[in-house]
Amino acid sequence: MITLTINGKKYEAQKNQNLLQVALDNGIEIPHLCYHEKLSPYGGCRLCQVEVTKGKKVELTTSCTYPAVQGIQVETETPRVQRARRLMMKLILPMAPESPKIQKLARELGAEYIPSSCRSREKGDSCIKCGLCIRACEELVGVSTITFSSKGPERKVVPPFEEEPESCIGCGTCVHVCPTGCITMEDLGRKRKLERWKRILNMKVCNDCSNPYIPAAQVDYYLKRTGDTTLTEWFDLCPDCR
Amino acid sequence: MNRLTSVSDLEKLQKELASRNQPERPVVTLCQGTGCKAYASGKIYKAFEKELALRGLTQKVSLKSTGCHGFCEQGPIIVILPEEICYCRVKPEDIPEIVEKTLVEKKTVDRLLFTDPVSGEKFAHESEIPFYKYQRRVIFGKNRLVDPQNIEDYIGLEGYSALAHAITRLNPEKVLLEVKKANLRGRGGAGFPTGIKWETTRNAPGEKKYVIVNADEGDPGAYMDRSLLEGNPHLVLEGLAIGAYAIGAREGFVFVRQEYPLALENINKAVQQAKEYGLLGKNILGSGFDFDVTVKRGAGAFVSGESSALISAIEGSAGEPRPKHVNAAVSGLWGSPTSLNNVETWANVPLIMNKGAGWYGSIGSDKNPGTKIFSLVGKVNNTGLIEVPLGTPLRNIIYDIGGGIKDGKKFKAVQTGGPSGGCIPEQHLDVPVDFDRLSQMGSMMGSGGMIVMDEKSCMVDVAKYFMQFLKEESCGKCISCRAGIKEMHEILERITLGEGCEKDLEQLTDLAWITENASLCALGRTASNPVISTLKYFREEYKAHIREKHCPAGVCKALIHYSIDPERCNGCGRCQKVCSVEAVEGEKGAPISINNDFCIRCGICQEACRFNAVMVE
């Protein structure tokens, strides 16, 4: 067990825990966009900045990538931290100005988007390149359908060669974790469409009610992964008819 | 060649090589570094071979390819030993004359000697040329004596003695202590004490340890590491092996960028030869120390030079930096303790072992011992690679070695440390160049780039150039770096177009702050330096662009226009001929004028005019 201080109060933490998780577990709010407790920390959105004092060294750092270390002091609301979060949010907001979650966070951090005569920011495609979808697809689903390509401002999340990804099972985990809602999934009768990944999947139909209810590729992947063929029949019926 | 299996084997070979040496025999050394090669030094070598054969001198004169001498703008360079007669900008057709006059008649070919651009004086010997005279070339100096593709050349100059001494007569702790005592600081830019890094790696838990040479040099205009790897690869390998012994590593990597084909070729050959001679591999010189080296090619992303990104690249992942709360010295390559140092840092190690920490400390300044190689480029008379003791004032570098500013113009600023360095103005020229002082001035040592700018450089444009470079080279992981640099670039672009407003300076300050403070790796954390330093030292220039829509240096195309002084113009029509958009109007023989509606401000008319009649406002 590790003991550390957050905002002057002592807290206990597990080894291998990161500071953001320790704070969240103890009800201390730290804004974040690219972190999810079930996924490995990435440190891309740079919003979860805190000030850490370790010995004589004081540093501004992202709490999601900083490991819980015995005896350190963490400050989550210093003027420097607040300035960093506000300026970060000013950079993030124009990337996804239509996203309610981003708008709300920007308001909270005092980084409202004020169009000014000397600013001509390009509107983004709502993706902030936080990589949550990539990590979810790799670490949770296990199919690694999408990845980052290019560098610098050209960086984007794409399936390999930007072609329709055969490996995508249409599970929608990426849609669920995306903080800006820029990944969409539509069910169009017997087809499911993920526009962003150029993926169109055939849906499996319920033997009873004839309603399409799950992508066939997802069933195949599930059976392959579990190796349990007895489940084949289970998938013949939709949840409503089971 | 038989494998060397003991120190006495090595010493025997060294003696034998020395006995073959005939001090009186003329040796023609030809630089075959990338700079000279680009100017056909390969053809010059062949021309020499042919001419010597024709005159029956092949047995009497030796011909040797060497590494880069540093004075690349004067290339191709040849030096004739033992007199050390130096010829510059040699062409293949000059060779018969050189052989006839210098090798046969023992006279110099005056027209090929270096002529000082300031005094007009000619110098026959390399060591008298001001560019070399004021340097202290303890690392780089051997480049001109060694054929980088021949290990025996290196061994003949007491090469691998330091390694032999370390692994057979000292224990690893002693080696480590010597490097610590020497206070060698990382030449890649951060200046972290190498000895401490090695010690941390040595003491870190884990059986497997690694050493890495960072040769992913990517700063525009800087090529010191390339020249060392191309010109004297065994020096780097010897340093690496000594470090591996001190740390307890059995495996090392040299990470070289793909764009350095000659460096790759030479380091690969060097590794191969060192293995054949028993200077790498199992049981080196019978000491029981095993050490192997693998050369890895980088795909050429600037950010891969960042230590954690480089480690990712060696592991086979994309070259993207990782958080460094746990140091690479503790958990680096494949999670094992790893010491990663720059090419030049490793090249310092054999010297420290040979001459001792005391001697090493006598060069340079107090907390910055040793020398540093810089790439001196830009608007100075003499450009090239230079090596000076740390603590040498910028003024000495620019005026003594560099020969001052070209064409008698005024000095404006010097940018040190590569694209993320800061611009240092005239009032700080007497500051000694070392790791600490450069950081204090808002710049940095970086890997040693030094770009000199004159009064005709616009500092807003300079900052814009570096933001453009860094914008493209950011890996894009941290939003602060990816979007911060992009926005700084956009604002700077607007200012240079005359579309800037007062608020922009405030915005720039905020963006510079967030990019510096919120980003993960050194690329983002230092990227703002060009903006911060130019805002600090050249704020008036920014204001002139914003308020008066005027570029004082006459660089920003949107803010300047060309005109012709009728008093000076004699209507020769040269400008009219070169103008690609027919913006020069008037009849030949009478003063002419420029139509600014058509002019694209390329400046070719100004270059073409022989009477200085074309003016920029």
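The structure displayed is predicted, hence computed values, not measured ones.

Caption draft 1: Representation of the overall build of chain B. Counting its secondary structure elements, chain B contains 24 helices and 21 strands. A compact globule built from 617 residues would reach a C-alpha radius of gyration of about 25 Å, and chain B, at 27 Å, matches this within 12%. Taken along its principal axes, the extent of the C-alpha atoms in chain B is 80 × 65 × 40 Å. Relative to its full complement of 617 residues, chain B shows a buried share of 54%. Partitioning the contacts of chain B with sequence separation of at least 6, the portion at a separation of at least 24 is 72%.

Caption draft 2: Quick look at the overall build of chain A. Helices and strands together make up the secondary structure of chain A, namely six helices and 11 strands. Seen through its C-alpha atoms, chain A measures out along the principal axes to roughly 65 × 55 × 30 Å. The 242 residues of chain A split such that 36% are buried. At a minimum sequence separation of 6, the contacts of chain A that also span at least 24 residues come to 54%.

Caption draft 3: Region of interest: the interface of chain A and chain B. Listed per partner, the contact involves 21 residues of chain A and 25 residues of chain B. No other element matches the five residues that helix H2 (residues 79-92) of chain A contributes to the side of chain A that touches chain B. Taken together, the residues of the side of chain A that touches chain B break down into 12 nonpolar, five polar and four charged.

Caption draft 4: Representation of the sheet that holds strand S2 (residues 9-13) of chain A within the structure. All names here are of chain A. Read from one edge of the open sheet, five strands run S2-S1-S5-S3-S4, paired in mixed fashion. Two strands in the sheet have a free side with no partner beyond their single neighbour: S2 and strand S4 (57-62). Adjacent strand axes in the sheet meet at a mean angle of 30° when their direction is disregarded. Pairing of strand S3 (residues 49-54) with S4, which is carried by six bridges, proceeds in the antiparallel orientation. Residue pairing for S4: Glu 51 is matched across the bridge by Leu 60. Packed on one face of the sheet, H2 meets S3, S4 and strand S5 (73-75) and runs near 145° to S3.

Caption draft 5: The confidence of the model for chain A, seen in detail. For chain A, the mean per-residue pLDDT works out to 92, and 95% of the residues sit at or above 70. Segment residues 116-122 of chain A is flagged for pLDDT under 50; beyond a separation of four residues in sequence, or across chains, it makes four contacts in the model.

Caption draft 6: Region of the structure containing the nonpolar core. Formed by 233 residues in total, the largest nonpolar core has its most connected members in A:Met88, A:Ile92, A:Cys133, B:Val236, B:Ile242 and B:Phe255. Per-element tally for this core: the top contributor is helix H11 (residues 233-247) of chain B, with 10 residues. Those residues in contact with A:Cys133, other than ones at most four positions away along the chain, are A:Ile146, A:Val157, A:Cys174, A:Val177, A:Cys178 and A:Ile183. Counting 13 residues, the second-largest nonpolar core is a separate cluster that includes B:Cys575, B:Cys579, B:Ile592 and B:Val614.

Caption draft 7: How the structure looks around helix H15 (residues 394-401) of chain B. All names here are of chain B. Within H15, burial applies to Leu 394, Ile 397, Ile 398 and Ile 401. The buried residues of H15 occupy an angular sector of 115° when projected down its axis, which confines them to one face. For H15, the secondary structure elements touched by its buried residues are helix H5 (130-133), strand S13 (371-378), strand S14 (384-389), strand S15 (411-416), strand S16 (423-425) and strand S17 (449-454).

Caption draft 8: View of the sheet that holds S17(B). All names here are of chain B. The five strands lie next to each other as S14-S13-S17-S15-S16, forming an open sheet whose pairing is mixed. The strands lining the two open edges of the sheet, one partner per strand, are S14 and S16. Averaged over all neighbouring strand pairs, the angle between strand axes comes to 30°, with direction disregarded. Summarising the sheet, S15 and S16 pair through three bridges and their orientation is antiparallel. Across the sheet, the residue bridging to Val 414 is Ile 424, located in S16.

Caption draft 9: Main features of the confidence of the model for chain B. Residues and elements named next belong to chain B. In this model, chain B carries a mean pLDDT of 93, and residues with pLDDT of at least 70 account for 100%. H11 holds the highest mean pLDDT among the elements of chain B, 98, whereas strand S20 (residues 593-594) holds the lowest, 86. Among the prediction metrics, the complex's ipTM stands at 0.94, with pTM recorded as 0.90.

Caption draft 10: Structural view of the packing of helix H9 (residues 194-203) of chain B against H11(B). Residue and element names in this part refer to chain B. One way to put it is that H9 packs onto H11 with a least axis distance of 8 Å and a crossing angle of 45°. In terms of orientation, H9 and H11 fall into the oblique class. Residue-level contacts link Trp 198, Thr 201 and Arg 202 of H9 to Gly 243, Ala 246 and Ile 247 of H11. The residue inventory of the contact of H9 with H11, partitioned by class, reads three nonpolar, two polar and one charged.

Caption draft 11: Quick peek at helix H14 (residues 343-361) of chain B. For H14(B), spanning 19 residues, the distance from its first C-alpha to its last is only 20 Å, which falls clearly below the expected 27 Å at 1.5 Å a residue. Those residues of H14(B) that fall on the buried side of the exposure criterion are B:Val343, B:Glu344, B:Thr345, B:Trp346, B:Ala347, B:Asn348, B:Val349, B:Pro350, B:Leu351, B:Ile352, B:Met353 and B:Tyr360.

Caption draft 12: Local environment of the environment of B:Leu229. Residue and element names in this part refer to chain B. Position of Leu 229 among the secondary structure elements: in helix H10 (residues 224-231). With 29 C-beta atoms counted inside 10 Å, the residue Leu 229 sits in the buried group. Leu 229 sits 38 residues away from Ile 267 along the chain, and the two C-alpha atoms are 6.4 Å apart. Ignoring any residue separated from it by four or fewer positions in sequence, one finds Leu 229 in contact with Ala 215, Val 236, Val 256, Ala 263, Asn 266, Ile 267 and Val 343.

Caption draft 13: Focus on unusual backbone geometry. Each neighbour pair has its own omega, and for B:Gly75 with B:Pro76 the value is -5°, a cis peptide bond. By secondary structure assignment, the location of B:Pro76 is in the loop between strand S2 (62-66) and strand S3 (78-81). The amide bond that connects B:Leu81 to the next residue, B:Pro82, takes the cis arrangement and shows omega of 5°. Within the secondary structure, B:Pro82 sits in the loop between S3 and strand S4 (85-87). Positioned with a positive phi, A:Ser126 is a non-glycine residue whose angle comes to about 75°. Within the secondary structure, A:Ser126 is located in the loop between helix H3 (100-108) and helix H4 (132-141). Its identity as a non-glycine residue notwithstanding, B:Arg601 has a phi of 55°, on the positive side. Among the structural elements, B:Arg601 can be located in the loop between S20 and helix H24 (604-608). Judged by the 19 C-beta atoms lying within 10 Å of it, B:Arg601 is partly exposed.

Criteria and thresholds
- Residues numbered from 1 in each chain as written.
- Chains lettered and ligands numbered in written order.
- Predicted model: local features only at pLDDT ≥ 70, side-chain atom pairs only at ≥ 80, totals over all residues.
- Helix = DSSP H or I, 4+ residues; strand = E, 2+ residues; numbered from the N terminus.
- Rg over C-alpha atoms; globule rule 2.2 N^0.38 Å.
- Buried ≥ 20, exposed ≤ 12 C-beta atoms within 10 Å, placed from the backbone.
- Contact = placed C-beta atoms within 7 Å.
- Nonpolar A, V, L, I, M, F, W, Y, C, P; charged D, E, K, R; others polar.
- Pairing = 2+ DSSP bridges.
- Axes fitted to C-alpha atoms, helices over the stretch in contact; angles between N-to-C directions.
- pLDDT = per-residue confidence, 0-100.
- Core = buried A, V, L, I, M, F, W, Y, C linked by C-beta atoms within 7 Å.
- Arc of directions from axis to C-beta.
- Parallel < 35°, antiparallel > 145°, perpendicular 65-115°, else oblique.
- Expected span 1.5 Å × (residues − 1).

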